[in-house]
Amino acid sequence: NSQAKQPQASSKAFDTKNYEKNGLTEDEVLEIKEAFDLFDTDKSGEIDVNELKQALLNLGIDTKNQTLQNMLADIDKNGDANIDFDEFINMMTAKMSDKDTREDLEKVFELFIGDDNTDKIDIRHLKRVCKELNENMSDDELNEMIVRADTDRDGKVSFEEFYAIMTKKI
């Protein structure tokens, strides 16, 4: 007597308290659960590769099977080839490591400076970036940005000051 495995709804109600960590509110947990449920179309409590592929197609993203397998492997911490809600919420709330953040911000900082052979951002750099982004900001607004980040009061923003303001450590 072989029966096909049927998806089973959890016998207990979803409890947001189990996930209200890392500063998440009940509403934020519920929003993440709603997103998870959109992927978990068979309501098994796990997202498999086919559900992931369909969700991406619904978003207009057509991807190759190997890319899907790689995405799944990155999120699937217990190695069962499915993404459960614990893995999903951890992915949604993952914080970049300080090392990754620092390296990424170094790249952004270099974009501000350009090939100016300087090691600090000043108003010229902000004006150039605003122009490139078609942003209209007054000199007063740009100076205010510098003043907020400029902890040593030299009128320019060093990488350490940039890093601190971007990671809200000041």
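Note that the structure is predicted; figures quoted are calculated from it, not measured. (Residues numbered from 1 in each chain as written. Predicted model: local features only at pLDDT ≥ 70, side-chain atom pairs only at ≥ 80, totals over all residues. Heavy atoms only, no water.)

What about helix α6 (residues 123-132)?
- All of the buried residues along α6 are His125, Leu126, Val129 and Cys130. Seen end-on, α6 carries its buried residues on one side only, within an arc spanning 135 degrees. In α6, the exposed residues that point more than 90 degrees away from the buried face are Lys131 and Glu132.
- Where α6 ends, the next residue or the one after it, Asn134, has phi of about 55 degrees, a positive value. (Buried < 20%, exposed > 50% of the residue type's maximum accessible area, 1.4 Å probe, protein only. Helix = DSSP H or I, 4+ residues; strand = E, 2+ residues; numbered from the N terminus. Arc of directions from axis to C-beta.)

Focus on unusual backbone geometry
- Phi at Lys43 is positive, roughly 55 degrees, even though this residue is not glycine.
- Looking at the element boundaries, Lys43 is found in the loop between α1 (26-39) and β1 (46-47).
- Its relative accessible area of 48% is what places Lys43 among the partly exposed residues.

Description of the environment of Arg102
- By the secondary structure assignment, Arg102 is in helix α5 (residues 98-113).
- The spacing of Arg102 and Tyr163 is 61 residues in sequence and 7.2 Å in space, taken between C-alpha atoms.
- Ignoring any residue separated from it by four or fewer positions in sequence, one finds Arg102 in contact with Phe159, Glu160 and Tyr163.
- One polar contact links Arg102 to Glu160, side chain to side chain, over a distance of 2.3 Å. (Contact = heavy atoms within 4.5 Å. Polar contact = N/O pair within 3.5 Å; in protein donor to acceptor, adjacent residues only side chain to side chain.)

Details of the confidence of the model for the protein chain
- Considering every residue of the protein chain, the mean pLDDT works out to 83; 86% of them sit at 70 or more.
- The model gives residues 1-11 a pLDDT under 50, and that stretch makes 5 contacts with residues more than four places away or in other chains. (pLDDT = per-residue confidence, 0-100.)

Some remarks on the packing of helix α2 (residues 49-58) against helix α3 (residues 65-75)
- With their axes 10 Å apart at the nearest point, α2 and α3 run at an angle of 110 degrees to one another. One element, α2, and the other, α3, form an angle in the roughly perpendicular class. As α2 packs across α3, the resulting crossing turns out to be right-handed. Together, Val49, Leu52, Lys53 and Leu56 of α2 and Asn65, Leu68, Gln69, Met71 and Leu72 of α3 make up the contact between the two elements.
- For the contact of α2 with α3, the per-class residue count stands at 6 nonpolar, 2 polar and 1 charged. (Axes fitted to C-alpha atoms, helices over the stretch in contact; angles between N-to-C directions. Parallel < 35°, antiparallel > 145°, perpendicular 65-115°, else oblique. Left-handed = near helix turned anticlockwise from the far one by under 90°. Nonpolar A, V, L, I, M, F, W, Y, C, P; charged D, E, K, R; others polar.)

Side note on the packing of α6 against helix α7 (residues 139-149)
- Put simply, α6 and α7 touch, their axes get as near as 10 Å, and they point 120 degrees apart. As judged from the angle between their axes, α6 and α7 are oblique. In this structure, the crossing between α6 and α7 has a hand that is right-handed. Contacts from Ile123, Leu126, Lys127 and Cys130 in α6 reach Asp139, Leu142, Asn143, Met145 and Ile146 in α7.
- Here the contact of α6 with α7 is composed, by residue class, of 6 nonpolar, 1 polar and 2 charged.

Structural notes on the UniProt feature "domain: EF-hand" (unreviewed entry) in the protein chain
- Annotation from UniProt places "domain: EF-hand" (unreviewed entry) at residues 27-62, 63-98 and 137-170.
- Taken end to end, residues 27-62 is 64% helix and 6% strand, and its two terminal C-alpha atoms sit 31 Å from one another. (UniProt positions renumbered as here; feature names shortened; annotations may be inferred.)

Describing the pattern of salt bridges
- Under the definition given, this model contains 9 salt bridges.
- Ionic pairing is found between Lys120 and Asp154, a salt bridge with its closest N-O pair at 2.3 Å. Of the two residues, Lys120 sits in strand β3 (residues 120-121) while Asp154 sits in the loop between α7 and β4 (157-158), which places them 34 residues apart along the sequence.
- For the salt bridge of Arg124 with Asp122, the shortest nitrogen-to-oxygen distance reads 2.9 Å.
- When salt bridges with common partners are traced through the structure, they connect Asp116, Asp122 and Arg124 into a single cluster. (Salt bridge = Lys/Arg side-chain N within 4 Å of Asp/Glu carboxyl O.)

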